[in-house]
Amino acid sequence: MSTIVYVNTQKGNINKASLEAVSYAAQMGGEVIAVQFGDADSAELGNYGADKVAKVASADFNPDQIARTLIAAADVNSADSFVLSHDFSGKAVAPVLSALANAGLVSGAVALPAEDGSIKKAVFSGKAFAHMKVNTPKKVISVLPNSIEKKEVGKSAAESSMDAASSNVSLNVKEQKLESADLPLTEADLVVSAGRGLKGPENWGMIEDLAKELGAATACSRPVSDMDWRPHHEHVGQTGVAIRPNLYIAVGISGAIQHLAGVNQSKVIVVINNDPEAPFFKSADYGIVGDAFEVVPKLVEKAKSMSLGE
Amino acid sequence: MNILVCISKVPDTTAKIAFTDGDTKFDTNGVQFIVNPYDEWYALVRALEIKEAAGGKVTVINVGTADNDPTIRKALAIGADDAVRINMDPKDAMTTAKQITDYAKDKGFDMILCGKETIDYNGSQVAGMIAALLEQPYISYASKLDMNGNSATIERDIQGGKEVIEVQAPFVLSAAKGMAEARIPNMRGIMAARTKPLEVVEPSESADATEIVKFELPAAKGDCKYIDAENAGELLELLRNEAKVL
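Here's the deal with the overall build of chain B
And step 1. Helix and strand counts for chain B stand at six helices and 15 strands.
And step 2. Out of the 246 residues belonging to chain B, those deemed buried represent 54%.
And step 3. By sequence separation, contacts in chain B at least 24 residues apart represent 69% of the contacts at least 6 residues apart.
And step 4. Total accessible area on chain B stands at roughly 10600 Å², and carbon and sulfur atoms take up 48% of it.
And step 5. For chain B, the distance from the average site of its 27 positive side-chain charges to the average site of its 38 negative ones is 3 Å.

A word on the sheet that holds strand β15 (residues 268–273) of chain A
And step 1. Strand order in this open sheet of six strands is β13(A)-β12(A)-β14(A)-β15(A)-β16(A)-β15(B), and the pairing throughout is parallel. Single-partner strands in this sheet number two, and they are β13 (217–220) of chain A together with β15 (225–226) of chain B.
And step 2. Strands in contact with helix α5 (residues 205–214) of chain A are β12 (190–194), β13 and β14 (247–251) of chain A; relative to β12(A), the strand with the most contacts, it is inclined by about 170°.

Description of the interface of chain A and chain B
And step 1. Tallying the contact residues gives 90 residues for chain A and 76 residues for chain B.
And step 2. Between chain A and chain B the total buried area reaches about 7100 Å² when both faces are included, carbon and sulfur atoms providing 59% of it.
And step 3. Three residues, Phe88(A), Phe124(A) and Tyr286(A), lead the burial of chain A against chain B; their summed loss comes to 11% of the area buried on that side.
And step 4. In this structure, Glu237(B) and Lys302(A) form a salt bridge, with 2.7 Å as the shortest nitrogen-oxygen distance.

What to know about the packing of helix α2 (residues 69–78) of chain B against helix α5 (residues 187–195) of chain B
Residue and element names in this part refer to chain B.
And step 1. α5 packs onto α2 with a crossing angle of 125° between their chain directions and a minimal axis gap of 7 Å. Relative to α5, the element α2 is oriented oblique. As for the relative orientation of α2 and α5, their crossing is right-handed in sense. Together, Arg-73, Leu-76 and Ala-77 of α2 and Gly-189, Ile-190, Ala-193 and Arg-194 of α5 make up the contact between the two elements.
And step 2. Class assignment of the residues belonging to the contact of α2 with α5 gives a composition of four nonpolar, one polar and two charged.

Here we look at a negative patch on the surface
And step 1. Taken together, Asp291(A), Glu294(A), Asp228(B), Glu230(B) and Glu234(B) make up a surface patch of like negative charges.
And step 2. Here Asp228(B) is to be found in the loop between β15 and α6 (234–241).
And step 3. A relative accessible area of 47% places Asp228(B) in the partly exposed class.

Focus on the packing of helix α3 (residues 63–77) of chain A against helix α4 (residues 88–100) of chain A
Residues and elements named next belong to chain A.
And step 1. At their nearest, the axes of α3 and α4 sit 9 Å apart, and the two run at 55° to each other. Classified by the angle between their axes, α3 and α4 sit oblique to one another. Crossing angle aside, the handedness with which α3 passes α4 is right-handed. Each of Pro-63, Asp-64, Ile-66, Ala-67, Arg-68, Leu-70 and Ile-71 in α3 lies in contact with α4, whose residues at this interface are Ala-92, Val-93, Val-96, Leu-97 and Leu-100.
And step 2. Along the lines of polarity and charge, the residues of the contact of α3 with α4 split into 10 nonpolar, no polar and two charged.

Section: the side chain of Glu117(B)
And step 1. Assignment of secondary structure puts Glu117(B) in the loop between β8 (111–115) and α4 (126–134).
And step 2. Buried charged residue Glu117(B) carries no salt bridge. Nearest counter-charge: Lys91(A), at 5.1 Å.
And step 3. Engagement of the side chain of Glu117(B) in a polar contact is seen with the side chain of Asn122(B), the distance being 3.1 Å.
And step 4. Beyond its immediate sequence surroundings of up to four residues, Glu117(B) is in contact with Asn36(B), Tyr38(B), Asn122(B), Gly123(B), Ser124(B) and Tyr141(B).

Quick word on α2(B)
And step 1. Burial in α2(B) covers these residues: Thr71(B), Ile72(B), Ala75(B), Leu76(B), Ala77(B) and Ile78(B).
And step 2. Positive backbone phi, approximately 140°, marks Gly79(B), located one or two places after α2(B).

Quick look at the domain arrangement of chain A
Residue and element names in this part refer to chain A.
And step 1. We note that the domain assignment places domain 1 (2–162) and domain 2 (185–306) within chain A.
And step 2. Inter-centroid distance (C-alpha atoms) of domain 1 to domain 2 is 31 Å.
And step 3. When residues of domain 1 are sorted by the area they lose upon contact with domain 2, Lys-16, Ser-125 and Asn-146 head the list and together hold 49% of the total.
And step 4. Applying the counting criterion to the domain 1 and domain 2 interface returns one salt bridge.
And step 5. Of the charged contacts in the structure, one is a salt bridge between Lys-16 and Asp-189, with a shortest N-O distance of 3.1 Å.
And step 6. Our enumeration of links across domain 1 and domain 2 arrives at seven residue pairs in polar contact (both at pLDDT 80 or more).

Focus on the pattern of salt bridges
And step 1. Counted under the stated rule, the structure contains 28 salt bridges over all chains.
And step 2. In this structure, the salt-bridge partner of Arg183(B) is Glu52(B), at a minimum N-O distance of 3.0 Å. Taken together, the residues Arg183(B) in the loop between β12 (171–175) and α5 and Glu52(B) in helix α1 (residues 37–54) connect sequence positions 131 residues apart.
And step 3. Take Glu52(B): its relative accessible area is 51%, and that puts it in the exposed class.
And step 4. The residue Lys225(B) makes a salt bridge to Glu242(B) at a minimum N-O spacing of 2.6 Å. Taken together, the residues Lys225(B) in strand β15 and Glu242(B) in the segment after α6 connect sequence positions 17 residues apart.
And step 5. Each of Glu208(A), Arg230(A) and Glu234(A) takes part in a single network of salt bridges with overlapping partners.

Reading the values: the criteria
- Residues numbered from 1 in each chain as written.
- Chains lettered and ligands numbered in written order.
- Predicted model: local features only at pLDDT ≥ 70, side-chain atom pairs only at ≥ 80, totals over all residues.
- Heavy atoms only, no water.
- Helix = DSSP H or I, 4+ residues; strand = E, 2+ residues; numbered from the N terminus.
- Buried < 20%, exposed > 50% of the residue type's maximum accessible area, 1.4 Å probe, protein only.
- Contact = heavy atoms within 4.5 Å.
- Areas by Shrake-Rupley, 256 points an atom, 1.4 Å probe, with all protein chains shown as cover.
- Lys, Arg positive; Asp, Glu negative; His and termini not counted.
- Charge placed at Lys NZ, Arg CZ, Asp CG, Glu CD.
- Pairing = 2+ DSSP bridges.
- Axes fitted to C-alpha atoms, helices over the stretch in contact; angles between N-to-C directions.
- Buried area = accessible area lost by both parts, 1.4 Å probe.
- Salt bridge = Lys/Arg side-chain N within 4 Å of Asp/Glu carboxyl O.
- Parallel < 35°, antiparallel > 145°, perpendicular 65-115°, else oblique.
- Left-handed = near helix turned anticlockwise from the far one by under 90°.
- Nonpolar A, V, L, I, M, F, W, Y, C, P; charged D, E, K, R; others polar.
- Patch = residues over 30% accessible without salt bridge, like charges linked within 9 Å, V, L, I, M, F, W, Y side chains within 5 Å.
- Polar contact = N/O pair within 3.5 Å; in protein donor to acceptor, adjacent residues only side chain to side chain.
- Domains from an automatic or database assignment.

Structure below.
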C-alpha cells in the first residue's frame, strides 16, 4: 500500500498542515510519497515520514492540474490512497481529486483509519462525529488541521522532480493578498480571542500583549469583526473561520452557538467573562468570572514572569 | 447569465443533535430544517445580484425527496426563478455531485454556485466534484465574485489571506463570507414562490463512494474549573501543569 500526500508551500515554506498530512500518511503505514508544489526545503517531509519527495516546480493554484499531477504520481507508485490537509489548499483540491480519481473522500478526518477501515470526522459543525467508510478501491482523506499528533521519524526522503500534469482547465492567479499576521489563525496552536465585552477597538492592546507573551494568534467574535474593530480574517465562528487550537482563550465573548461552532473542537477552552451566566462557561474547561480589564493584565504579567512565549 | 445554485436542506443551527437506530441515523424528531446558510446567504444572494445586474435566470437545484419542497420554496421566495429537485435521498457527496452534474451538463449554465460547506456533514465536497465532472474550473471558499461580460474576478480564502483569481465562465465555485449579505424574503416573494416552477427529475444511475457507518456524540464536557479573578495568574500555572497546553 502506498499513499500520495499533497504538500503545499507558501512563501518558500512548507505549510505546517502539510506536515501533519505527511505524518498522518506515515502512521497509516506503507510507503509515503510526498508531492510538493513549489520550491521549499523538503527535509522536514522525510523527518515526518515521507519515503519519497516528488517536487513540482509550479505552486500556482489550479485544482484540476494539481489533482491530475497527484493522480499521475499515484499511477507511477501504484498508490491507492491520497492524503491532504483539510486547510484552504486541501479543500480546493480534495473534491476535484476525488471525482477525477473516482476515489471516495473523507474530508476533515480527526483520527487515523480504524481497524475496520472507517475514518472518524466531525459533523454537525463539531456537535457530533461520524465514522465513514470508503466504498471505492481508492480513497482520499483530508485531515483536519491540528487534530492528529505529528510524529518525527527522522527519515531522509529520496528527492526527485516531477512535471505538472497537463490540464484543460485554465484559471489565472492575479495576486495574493496576505495578511501581515506572523501566524495564520488556522495554523496557531494557541489563540487568544476577544468579543464585544472589550467595549472598543482601542482596548485590544492587552489582548495583543497576552497573545504575544503566550506565543498565540489573536481572534475575535463576529460582532467585533462586523463593527470593524478587528480585521475580518480574525473572525472565528460558523460564518468566519473554524479553528481547532490546543488552547482557546475567550475574553468577553458570551458563547453563542454560532461562535461555538467555530471553536468547539479546541482542546482546552478558557472563558473570561464578567457575567457568570454567560453560556460559554458550559463549554469551558477553565473559567474566570471577572472584569477583563483587571484579569487580562494580570495574565500578561504572569505570562511574562513565566517566560511562556519563548 | 444563467446561474445554477445548489441548495442543501440542513437542520437549523440551534437544532439538538441526536441519533437513532443504534447511532446510525440522525434523529429528525422535532428538528426544524432550513436552507444551508452558506448556500442561501452567500451563493443564492450573490447569484440574484448578478442576475439583477446582467439579466438572465437563477435556478436552484436540490437532490432530495418531496420532504424538501418547503425548503426549496424558501429559496424561491428569496428570489430564485425556478427550481429543480432530483428525486432521491442522497447518502454521499459523490452521488449528489453526479446527480447535479447529470442534470446540468447539457443546460449551458454560465456558473454553478454552492455554499462553502453544509452545516450538517461539513464536507466541502459537492462543488469541487461537480467542477471536476464537468471539467470546469473550481474556485473554493470564494468571498468575492465580480463579472465583466464572461470574465470573472474572484477572491478566494487561502492560508493567511486572499488570492485573486481570473477565470472565464463557465465555472463552479463555493461561496464563503463576504460574498453577499443575507436577504429576508418579503411577502410578495413568499406569495410568488408558491407558483414558481419546481421541476422534479428522476435520478440517474449513481453509486455511493462513501457511507456513514456510525455517528457518535462527543464525550460530555467535564465541569468548568473556576479560578478566582484575584488570582487570575494561577490560570497559566494550571494550563501549563495540569492541561499541559503551555
